[in-house]
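Here's the letter readout for the chains.
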Amino acid sequence: MSSTPSKTNAPDPILLTLFANRFMSVAEAMGRSLQQTSISTNIKERLDFSCALFAPDGDLVANAPFIPIHLGSMSFAVKYQMNLYGKDLKEGDVLMTNSPHAGGSHLPDITIITPVFDSETKEIIFFTASRGHHADIGGILPGSMPPTSVNIFEEGAEIVSFKIVSEGIFNKDGLYEYMVEQPAKYPGSSGCRNIRDVESDLKAQIAANHKGIQLIHAIVDDYGLPTVQEYMYHIRSNAEMSVRNLLRDVAKRAGSTVLSSVDYLDDGSPIKLRVDINEEKGSAVFDFAGTGFEVRGNLNAPISVVHSAVIYCMRAMLDLDIPLNAGCLVPLEIKIPPKSLLSPSRTAAVCGGNVLTSQRIVDVVLKAFHACAASQGCTNNLTFGAGGKDKDGKAVPGWGYYETIAGGSGAGPSWHGTSGIHTHITNTRIGDVEILERRYPVMVHQFGLRTGSAGVGKFRGGEGVVREIEMLEPMQVSILSERRTRQPYGLEGGGPGGMGRNTWVKNLRKEDGDLVDGVKGTREINIGGKATVWMGKGDKLVIETPGGGAWGALEGDELHHVDEHRAAWEPRGSIAERARAQAAF
């Protein structure tokens, strides 16, 4: 083995690439372990989880291409636990947290953090962490994503810090206390409706972290700890310089060192951004002054989510194959006005801020940098389920299901948008229809592209989708969505994408008072962007998601050929992925 490079040496480019890929492979292996050992549809099928590797100071080192909104904010969670425990952590300790106050995104995203100790000095040399979205953690509605929540207590179990494993001993009783008993104490709220599934998935996260520890020790054994940590910092420095060069290039192309943009949530709340670039240093100040106040609903976004959205945008605009890591944020100063919806109070509701407001932050940043037209700007969060507290306040076992639904992506200066895809801060799948119908009492009648929803221009936006689901038994159904009153913007004369719509196809019933003269039929009710409805057997929900904005105005003959561009259909999902894997053998 070669001698350890000193901190004054420039990195060897071959070793830099090698270590970048070794670190990423650790996160990838953690992700495969988590997917294989989890049991919930949300994690095993939808892949709503992230795994990453962190430096001893808590900075993000490397990740696999999981969920962008998780990856930028997990560093806040690791650092919070470091400050809380100091040097009191021991081998075999595993920490659990989900509180937005402690670096969380929203409550269903539970983070498991495991310190990695040097085998000789017993000092912490890395952290492994995984974050997964759990389909039910209690709260006022099944699925723990209530569109009507006005404080964090209505959204389920909040855990600032819990040592779920202490020196190798799993604390099952403590987990039950945090997940089931504590949330049920709030009026109208229930504890976790399916604690067995949640416990199993948390154990899968713990196992995934342990897999990461094994692989990190293998790298240290190959190269020695000084070399490994040396290149860990080189990788972050490489990302930092890449972002500095990007900022200089943007200032030159724009002919200005000041960029600005504004966009709005459906309730009219502005998200405003001014970017001041120091071209000499390659740094920038992102100032969100002018952003709206904290809202009474749940579209408030924790500070960690804002940083996640910004770091994602910076990484996305880099035309380089480097890991997303903390170096991307070093040249940036992010200013967030206090008491705004991007810096909410301790008890503010936040479940929509992580999945919806974050998308609008991305829209605002990319608009300021003139990078591309707006994508759907939404994740179309659908939850349904049963159980919890009955009318007498007794706990009834139940279940909850959660999914996000794709839409259209925005076009750019040289590309068309993509249709029917999850965009930006989310990178999840939709659940396979076969699995959904086998495990839950629903039937999917329609799932396809939504013709006419794409922005029209020289480069078209992507089309949204239509998803129609019938309920085979009575249940609570909730939708949490945006872009129902404001269209995703186009750029350079391109047209906006189409707005989304949520329609309840309700059967007329005598017990509901809408069956008049015994004539059976249905009502089609627009329930708006944020609603929860008790649906009867045979009722349907039709979700039409937004399309992406276009780039550039149509000219000349293009005006007569606006419908000619259609991307070739490509099968996606677990079945198609399995077929591709078999074909590659």
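Reading guide: rules and limits
Residues numbered from 1 in each chain as written. Predicted model: local features only at pLDDT ≥ 70, side-chain atom pairs only at ≥ 80, totals over all residues. Heavy atoms only, no water. Helix = DSSP H or I, 4+ residues; strand = E, 2+ residues; numbered from the N terminus. Rg over C-alpha atoms; globule rule 2.2 N^0.38 Å. Buried < 20%, exposed > 50% of the residue type's maximum accessible area, 1.4 Å probe, protein only. Areas by Shrake-Rupley, 256 points an atom, 1.4 Å probe, with all protein chains shown as cover. Lys, Arg positive; Asp, Glu negative; His and termini not counted. Charge placed at Lys NZ, Arg CZ, Asp CG, Glu CD. Pairing = 2+ DSSP bridges. Axes fitted to C-alpha atoms, helices over the stretch in contact; angles between N-to-C directions. Parallel < 35°, antiparallel > 145°, perpendicular 65-115°, else oblique. Left-handed = near helix turned anticlockwise from the far one by under 90°. Contact = heavy atoms within 4.5 Å. Nonpolar A, V, L, I, M, F, W, Y, C, P; charged D, E, K, R; others polar. Core = buried A, V, L, I, M, F, W, Y, C linked by side-chain atoms within 4.5 Å. Salt bridge = Lys/Arg side-chain N within 4 Å of Asp/Glu carboxyl O.

(A) Broad picture of the overall build of the protein chain. Looking only at helices and strands, the protein chain features 10 helices and 20 strands. What you see for the protein chain is a C-alpha radius of gyration of 24 Å, in line with the 25 Å of a compact globule of 585 residues. A principal-axis box enclosing the C-alpha atoms of the protein chain has dimensions of 90 × 70 × 55 Å. Here the protein chain holds 585 residues, and 59% of them are scored as buried. Approximately 24100 Å² of the protein chain is accessible, and the part contributed by carbon and sulfur atoms is 52%. For the protein chain, the centre of its 58 positive side-chain charges and the centre of its 67 negative side-chain charges are spaced 2 Å apart.

(B) Representation of the sheet that holds strand β18 (residues 522-526). Spatially, β14-β15-β20-β17-β18 is the arrangement adopted by the 5 strands of the open sheet, whose pairing is antiparallel. Of all the strands in the sheet, just β14 (442-449) and β18 have a single pairing partner and so form its edges. Along the sheet, successive strands turn relative to each other by an average axial angle of 15°, direction set aside.

(C) Main features of the packing of helix α4 (residues 172-181) against helix α5 (residues 195-223). Following both chains from N to C, one finds α4 and α5 inclined at 125°, their axes separated by 11 Å at the closest point. Viewed along their axes, α4 and α5 adopt a mutual orientation that is oblique. For the element pair α4 and α5, the recorded crossing hand is right-handed. For the pair α4 and α5, the contacting residues are Lys172, Leu175, Met179 and Val180 in the first and Ile195, Val198, Glu199 and Leu202 in the second. Looking at the contact of α4 with α5, its residues break down into 6 nonpolar, no polar and 2 charged.

(D) A look at the sheet that holds strand β2 (residues 60-63). Strand order in the open sheet formed by 7 strands is β2-β1-β5-β4-β3-β6-β7, with antiparallel pairing between adjacent strands. A single partner strand is all that each edge strand has here, and the edge strands are β2 and β7 (169-170). Strand direction decides the pairing type here: strand β3 (residues 94-97) and strand β6 (residues 162-166), joined by 3 bridges, are antiparallel. Across the sheet, Met96 pairs through a bridge with Phe162, a residue of β6. Sitting on the sheet, helix α1 (residues 13-37) touches β1 (49-54), β2 and β5 (124-133), and the angle it makes with β1 is about 145°.

(E) Region of interest: the pairing of strand β17 (residues 501-507). For β17, the buried fraction is high: 5 of the 7 residues fall into the buried class. Bridging between β17 and strand β20 (residues 540-544) involves 5 bridges; their strand directions are antiparallel. Its bridge partner lying in β20, Arg501 is registered against Glu544.

(F) Representation of the nonpolar core within the structure. Residues Phe286, Phe288, Met314, Leu332, Leu342 and Phe369 are the most contacted members of the largest nonpolar core, which totals 70 residues. Per-element tally for this core: the top contributor is helix α8 (residues 351-368), with 9 residues. Beyond its immediate sequence surroundings of up to four residues, Leu342 is in contact with Ile271, Phe288, Thr291, Ala301, Pro302, Ile303, Val306, Ile336, Thr357 and Ile361. One finds Phe49, Cys51, Val116 and Ala204 within the second-largest nonpolar core, a separate group that totals 33 residues.

(G) Quick look at the pattern of salt bridges. Scanning the model with the defined rule gives 30 salt bridges in all. Two residues, Arg439 and Glu45, come together in a salt bridge whose shortest N-O distance is 4.0 Å. Note that Arg439 is positioned in helix α9 (residues 433-439) and Glu45 in helix α2 (residues 41-45), a separation of 394 residues in sequence. Between Arg509 and Asp539 there is a salt bridge, and its shortest N-O distance comes to 2.6 Å. Of this pair, Arg509 sits in the loop between β17 and β18 while Asp539 sits in the loop between β19 (530-535) and β20; the two residues are 30 residues apart in sequence, bridging distant segments of the chain. Looking at Asp539, the relative accessible area reads 0%, which means it is buried. Taken together, the salt bridges that share partners define one network made up of Asp263, Arg360, Asp363, Glu482, Arg483 and Lys530.

Remember that the coordinates give geometry; whether it matters functionally is a separate question.
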